Amino acid sequence: MLNSPAIFQVNNRADARPYRMAIHHTELETPPGRQPLPEAERPKLETLREQLQPLKELPGSSIEALYAAQELFSYVPPEAITMIAEELNIPESQVFGVVTFYTMFSLEPQAPNVLRVCRDLSCHLAGAPKLIGALEDALGVRHGHNSPDGQFTLKVVSCLGLCDMQPAMLVNLDQHGPVMPDDVPDLLDGIRNGAG
Amino acid sequence: MELVVTRNFGRPESWTLASYREAGGYEALERVLKEMTPEEVTDLIKASDLTGRGGAFFPTGLKWEFVRKDPKTPRYVVVNADESEPGTYVNRLSLELDPHMTIEGMIIAAYASNAERGYFYIRGEYGLSHERVKAALREAYEAGYLGQGICGRSDFNLEVEFRRGAGAYIVGEETALFNSLEGKRGNPRFKPPFPTNFGVWGLPTAINNVETLAAAPAIVMNGAEWFKDLGIGDAAGTKMYCLSGNVVNPVCVELPLGVSAREVIMEHGGGVPEGRTLKGFKPGGASSAPLTPAELDAALEPKSMAALGTIMGTGGVVVFDDTTCMVDVAYRDALFFEDESCGFCIPCREGTPNLVQICERILHGQGTMDDLDLLEELGASMMASFCGLGHFAHQPVRGAVSRFRDEFEAYIRGRN
Ligand SMILES: Cc1cc2nc3c(=O)[nH]c(=O)nc-3n(C[C@H](O)[C@H](O)[C@H](O)COP(=O)(O)O)c2cc1C
Ligand code: SF4
Ligand code: FES
């Protein structure tokens, strides 16, 4: 079965790719890139080193270490990857492997409010595409990017396990749903005013 | 109907130790530690026919026994709360509303499998669950249900560590979850050796779904026969079914395992919105192939679903009405698996984007009848995938073609 030609047949069809491009679908975007830490942020690296000390006693805690870095810097800068590898005594390649594996980690700076909108089946049927469109319009960015005012990062993600609140979204880790396109302005205002 | 795992959901502050104790919580653990040997506990769970609610429905008592019989130590118990299957939110409700029930089940599992260490692993997005479970673990430590010398038994210790994921559906696969716990990328591992002999850190590990563990205390209190009789026909116990999609009430209900889809969708979900008609439904999350209204009377339990060429899965029932396009539904599932494939093996890494492309061709009127055959062939090659994700990813798409073929053909013939 491994040698079945099906896989190659599909890819070899000259007409396979263009259709792909022509379609608007809500693709998940996490473009990998490595943004070095700005000079002003460097002192925080010592804070990170302190926070990593207790994790040395917990084998396998690279996810927690990455969360600590992301909380400090809003993303995981290359300097943090190097430091986590040193402090936890694991290869840097392993830390980089982990940070790129999990969708909640970002290699690029994020805004203080990360909006994660579900685009999977139940939410899709309940109107997720319209919700995503309304958020994109209100924020003035395509999903996968930070809003010009620096307040929001908009992400489109897989099922959040909030299907009873379809269409659902997270504001950082706070659950919201059902969110209709008309609810978007109030929701964003609420977050801006610190109620999110 | 008697409720098992959701019976405390309506209580005030149901997630606290005080409330759980008032409802009889941790009495099962005390009974187990006073009156039963680990062998007696596994025998009881085996007799109850409790099977894994994570989707594979493996006999739970047997799993614990395998772990206990492996001489390597320390043995581990792991709670799998990585729930990420589209259309499924049952574990989230248990974690938010009654974390102690799962913790009590976990301690009973540890006693039965002679384990002394444990991990409680929750997906990264479940923020409220993190808080509630961490608080509950703290309470359980303070009350002496966790730690050294549990309930005065100097020979029974259990240290549990809380862990969270960071966004990855595949980590729900048990061996991928072990890699995640070990601080690595969440790629699955080869089986065998199975987790019961070679789990986290290469040690014997009993890994169970939240709902499986939450059922254990009630079985201890009420007996194996009681639990078995709760199910319909051959199926034992209850299952949390949760509804979403084009349904009036997107709710979660605990019902006898083996209840008909009609009862779940029509009675508890209130059917489809007024003025619409039911077109189909998915019995258990994204991995399950959709069924038609003609199959509404089928029992939602593993055997009858397998007979229909789909799976029972997670109990996440997704409902479609006549405004829903089944080609689009297939496409959504394909997109999900394309994004969640971990990329470790070729049939799945290459196969899942191919599924997406075929659906896109068809949706844009550029598909051919050959594409439908190609799907079958592609599915066959994806059966060579390394883990369950690749084995299941093509089933919902092929299932949609086999049951709703006219919709696919309408696109292909350009009549849509
Ligand atoms: C791709 C994939 C994803 C899975 N996701 C989950 C999950 O999110 N939660 C879960 O409990 N089991 C999941 N499983 C099943 C687990 O591998 C395992 O069978 C289960 O945790 C065992 O517990 P149980 O016997 O109590 O069901 C998944 C399996 C596969 C192949
Ligand atoms: S089948 Fe898919 S998810 Fe599983 S190992 Fe292969 S690529 Fe990864
Ligand atoms: S499908 Fe959107 S939260 Fe589950």
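These figures come from a predicted structure and were not determined experimentally.

### What to know about the overall build of chain B
Helix and strand counts for chain B stand at 18 helices and eight strands. In summary, chain B has a C-alpha radius of gyration of 22 Å against a globular reference of 22 Å for 416 residues, a match within 12%. The principal-axis extent of the C-alpha atoms belonging to chain B is close to 75 × 45 × 35 Å. Burial statistics for chain B: of 416 residues in total, 66% are counted as buried. Of the contacts formed within chain B by residues at least 6 apart in sequence, a portion of 69% connects residues at least 24 apart. When the accessible area of chain B is evaluated, it comes to approximately 13,800 Å², of which 50% is carbon and sulfur surface. Both charge centroids of chain B, one from 40 positive and one from 57 negative side chains, sit 4 Å from each other.

### Looking at the site of ligand 2
C342(B), F344(B), C345(B), C348(B) and C387(B) are the nearest of the 13 residues found near ligand 2. When the residues that make up the shell around ligand 2 are grouped by side-chain class, the tally is nine nonpolar, four polar and no charged.

### Topic: the confidence of the model for chain B
As a note on interpretation, predicted positions should not be read in detail where pLDDT is low. Residues at a pLDDT of 70 or more form 100% of chain B, whose mean pLDDT is 97. As scored by the predictor, the complex reaches a pTM of 0.94 and an ipTM of 0.96.

### Section: the domain arrangement of chain B
All names here are of chain B. Taken domain by domain, chain B holds domain 1 (17-230), domain 2 (238-321) and domain 3 (326-413). Domain 2 and domain 3 are separated by 22 Å when their C-alpha centres are compared. Taken together, the contact between domain 2 and domain 3 spans 14 residues of the former and 13 residues of the latter. Taken together, the two surfaces of domain 2 and domain 3 that pack against each other cover about 1,100 Å², and 67% of this comes from carbon and sulfur.

### What to know about the interface of chain A and chain B
Between chain A and chain B, the contact holds 54 residues from the first and 74 residues from the second. Counting each side, the surface lost to burial between chain A and chain B is near 5,300 Å², with a carbon and sulfur contribution of 56%. Across the contact surface, chain A and chain B share three salt bridges. As a salt-bridge pair, D164(A) and R92(B) come within 3.2 Å of each other at their nearest N and O atoms. On inspection of chain A and its partner chain B, the count reaches 23 residue pairs in polar contact (both at pLDDT 80 or more). Broken down by secondary-structure element, the contributors of at least two residues to the side of chain A that touches chain B are α1 (6-12), α2 (16-22), α4 (62-73), α6 (92-101) and α7 (121-125) of chain A. Residues that form the side of chain A that touches chain B fall into these classes: 29 nonpolar, 18 polar and seven charged.

### Side note on helix α9 (residues 210-222) of chain B
All names here are of chain B. For α9, a buried count of 11 out of 13 residues is recorded, marking the element as mostly surrounded by other parts of the structure. Listing the buried residues of α9 in full gives V210, E211, T212, L213, A214, A215, A216, P217, A218, I219 and V220. Its side-chain oxygen at 2.9 Å from the backbone nitrogen of E211, N209 defines the N-terminal cap of α9. Remark: G223 follows α9 within two positions and exhibits a positive phi of approximately 95 degrees.

### What to know about the site of ligand 1
Residue and element names in this part refer to chain B. In the vicinity of ligand 1, 19 residues are found, and the nearest of them are G54, K63, N80, N209 and T212. In the environment of ligand 1, an oxygen atom lies 3.0 Å from a nitrogen or oxygen atom belonging to the backbone of E174. Between ligand 1 and T212, the relevant distance is 2.7 Å, taken from an oxygen atom to a side-chain nitrogen or oxygen of the residue. For ligand 1, the protein covers 89% of the area, taking 610 Å² as the surface of the free molecule. Of all the elements in the fold, those that place two or more residues in the shell around ligand 1 are β4 (205-209) and α16 (388-393).

### Comments concerning the packing of aromatic side chains
Counted under the stated rule, the structure contains 12 aromatic pairs over all chains. With 5.3 Å between their ring centres and 90 degrees between their planes, Y20(B) and Y26(B) make a pair best called edge-to-face. Residues Y20(B) and Y26(B) agree in their burial class; the two are buried. Joined through ring pairs, the aromatic side chains of Y67(A), F101(A), Y102(A) and F105(A) make up one cluster. The lysine or arginine in question, R132(B), covers the ring of W15(B), its NZ or CZ lying 3.6 Å from the ring centre. In this arrangement the basic side chain of R164(B) is found over the ring face of Y67(A), its NZ or CZ atom lying 3.8 Å from the centre.

### Digging into the domain arrangement of chain A
Split into domains, chain A comes out as domain 1 (36-108) and domain 2 (113-192). Taking only C-alpha atoms into account, the centre of domain 1 of chain A sits 27 Å from that of domain 2 of chain A.

### Thoughts on the packing of helix α2 (residues 27-35) of chain B against helix α6 (residues 99-112) of chain B
Residue and element names in this part refer to chain B. Two elements in contact, α2 and α6, have axes whose closest approach is 9 Å; the angle formed by their N-to-C orientations is 15 degrees. As summarised for this structure, α2 and α6 are arranged roughly parallel, according to the angle between their axes. Classified by chirality, the crossing of α6 by α2 is left-handed. Facing α2, whose interface residues are E27, A28, L29, V32 and L33, α6 presents E104, I107, I108 and Y111.

### Remarks on the pattern of salt bridges
Scanning the entire structure with this criterion turns up 39 salt bridges over all chains. E87(A) serves as the salt-bridge partner of R49(A), at 2.6 Å between the closest nitrogen and oxygen. Of this pair, R49(A) sits in helix α3 (residues 44-52) while E87(A) is found in helix α5 (residues 78-88), placing the two residues 38 residues apart along the sequence. Exposure remark for E87(A): the relative accessible area of 12% places this residue in the buried category. The partner of E350(B) in a salt bridge is R349(B), and the shortest N-O contact between them spans 3.6 Å. Given a relative accessible area of 36%, R349(B) falls into the partly exposed group. One salt-bridge network, held together by shared partners, links E46(A), R49(A), K56(A) and E87(A).

### Side note on the confidence of the model for chain A
Looking at chain A, pLDDT values average 87 and 82% of them are 70 or higher. For the stretch residues 1-25 of chain A, pLDDT sits under 50, and the model shows 52 contacts to residues farther than four places along the chain or on other chains.

What counts and what doesn't
- Residues numbered from 1 in each chain as written.
- Chains lettered and ligands numbered in written order.
- Predicted model: local features only at pLDDT ≥ 70, side-chain atom pairs only at ≥ 80, totals over all residues.
- Heavy atoms only, no water.
- Helix = DSSP H or I, 4+ residues; strand = E, 2+ residues; numbered from the N terminus.
- Rg over C-alpha atoms; globule rule 2.2 N^0.38 Å.
- Buried < 20%, exposed > 50% of the residue type's maximum accessible area, 1.4 Å probe, protein only.
- Contact = heavy atoms within 4.5 Å.
- Areas by Shrake-Rupley, 256 points an atom, 1.4 Å probe, with all protein chains shown as cover.
- Lys, Arg positive; Asp, Glu negative; His and termini not counted.
- Charge placed at Lys NZ, Arg CZ, Asp CG, Glu CD.
- Near = heavy atom within 4 Å.
- Nonpolar A, V, L, I, M, F, W, Y, C, P; charged D, E, K, R; others polar.
- pLDDT = per-residue confidence, 0-100.
- Domains from an automatic or database assignment.
- Buried area = accessible area lost by both parts, 1.4 Å probe.
- Salt bridge = Lys/Arg side-chain N within 4 Å of Asp/Glu carboxyl O.
- Polar contact = N/O pair within 3.5 Å; in protein donor to acceptor, adjacent residues only side chain to side chain.
- Phe/Tyr/Trp six-rings, centres within 6.5 Å; stacked < 30°, edge-to-face > 60°.
- Lys NZ or Arg CZ within 6 Å of the ring centre and 35° of its normal.
- Axes fitted to C-alpha atoms, helices over the stretch in contact; angles between N-to-C directions.
- Parallel < 35°, antiparallel > 145°, perpendicular 65-115°, else oblique.
- Left-handed = near helix turned anticlockwise from the far one by under 90°.

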